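Understanding the architecture of this molecule
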Amino acid sequence: LPSPFVLRSRGFNPATLFASGSELGFVLDLASDALSTRTPGTGVQTITTAVKGRVFSQGTAGSRPSYQLDGSLPYLQFDGTDDWMSITGLSLGATDAVTVIAAMRRGQNVNLEDIFGITTTPTAANGSFVLAATSDASTDNMGFSSKGDGANALARAGSSSVGVNYVATGVGDISADTCLIRRNGSQIGTSANDQGAGNWTAADAYLGARAGSSRFFNGRLYALIVVNRILTA
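Now for a quick tour of the structure. Computed from a prediction, not measured in an experiment: that's the story for all the values here.

**Structural notes on the packing of aromatic side chains**
- Inspection of every chain in the model, using the stated rule, returns nine aromatic pairs.
- For the ring pair F78 and F217, a centre distance of 5.9 Å and an interplane angle of 50 degrees mean the geometry is tilted. Within this pair, whereas F78 is found in strand 6 (residues 73-79), its partner F217 is found in the loop between strand 16 (203-207) and strand 17 (218-227), the two being separated by 139 residues in sequence.
- Using a relative accessible area of 1% as the deciding quantity, one classes F217 as buried.
- Taken together, the ring pairs connect F26, F56, F116, F129, F144 and W200 into an aromatic cluster.

**Focus: the pairing of strand 17**
- Most of strand 17 sits inside the fold, with nine of its ten residues counted as buried.
- Taken together, the five bridges between strand 1 (residues 25-29) and strand 17 define a ladder with antiparallel strand orientation. When the bridges of strand 17 are listed, G25 appears paired with V227.

**Considerations on the side chain of D33**
- By the secondary structure assignment, D33 is in the loop between strand 1 and strand 2 (34-35).
- Buried charged residue D33 carries no salt bridge. Nearest counter-charge: R38, at 6.6 Å.
- In contact with D33, other than residues within four places in its own chain, are V27, L28, R38, I47, T48, T49 and A50.

**Comments concerning the pattern of salt bridges**
- According to the stated counting rule, one finds seven salt bridges in the structure shown.
- The shortest N-O distance in the salt bridge between D140 and R106 comes to 2.9 Å. Taken as a pair, D140 in the loop between strand 10 (128-134) and strand 11 (141-147) and R106 in strand 8 (residues 97-106) lie far apart in primary sequence, 34 residues in all.
- On the basis of relative accessible area, D140 is assigned to the partly exposed category, the value being 25%.
- Here R156 makes a salt bridge to D136, at a shortest N to O gap of 2.7 Å. Of this pair, R156 sits in strand 12 (residues 153-158) while D136 sits in the loop between strand 10 and strand 11, and the two are 20 residues apart along the sequence.
- Assessed through its relative accessible area of 13%, D136 is described here as buried.
- Taken together, the shared-partner salt bridges connect D70, R105 and R220 into one network.

So, how was this worked out
- Residues numbered from 1 in each chain as written.
- Predicted model: local features only at pLDDT ≥ 70, side-chain atom pairs only at ≥ 80, totals over all residues.
- Heavy atoms only, no water.
- Phe/Tyr/Trp six-rings, centres within 6.5 Å; stacked < 30°, edge-to-face > 60°.
- Helix = DSSP H or I, 4+ residues; strand = E, 2+ residues; numbered from the N terminus.
- Buried < 20%, exposed > 50% of the residue type's maximum accessible area, 1.4 Å probe, protein only.
- Pairing = 2+ DSSP bridges.
- Lys, Arg positive; Asp, Glu negative; His and termini not counted.
- Salt bridge = Lys/Arg side-chain N within 4 Å of Asp/Glu carboxyl O.
- Contact = heavy atoms within 4.5 Å.

Below is the structure:
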């Protein structure tokens with residue numbers, strides 16, 4: 001039988017991003033991944049991604065995002081208060097490039113909200129990155145941060161309005177001093193700070209919050225792709 005990706009889309013199959021076998025990362029696709037629950041309105045304890053087999057988990061029942069349906073399209077609902085999930089010890093190998101893509105919808109105005117990041121302090125730790133739904137406390141700017149052993153690079157620009165579905169993309173490359181964000185494929189922000197050298201660190205990665213303790217995301221996450229190379233717009 002064809003894969004669920006092919007059944008849902010006769011064009012692009014996100015699994016092809018990992019076709020060579022050497023790429024590290026994952027595709028979180030709620031229609032295809034193994035969830036601990038698929039009953040709308042209930043909290044999700046674990047998600048095993050269909051591509052690359054990464055496992056997101058949340059042991060505390062009250063902090064689990066809920067599985068919901070937008071028509072027939074599934075998504076995770078984060079409450080902006082204490083919902084988050086994590087991957088233990090995510091490694092992207094000996095590389096300093098990454099692309100992070102989130103299909104999402106914001107649920108509230110101005111706040112500080114992370115979608116996905118690696119390490120507990122992704123704007124300060126060497127070899128870290130984070131994609132933020134909102135990156136400023138006083139504006140609706142989205143942001144992407146990337147850092148080697150040099151300066152932190154932060155690209156940010158105005159995000160889409162609350163209640164609107166869009167695709168947010170962060171692209172980082174430490175050695176090339178690349179740090180940019182795209183909305184629906186169009187570049188909207190960049191930083192040329194000297195990020196130094198080094199590769200991404202192997203560390204716990206967090207979904208929907210920073211280190212599970214702050215910057216909680218309020219909104220919907222339909223899908224997430226993380227791959228250790230730079231993808232074209």
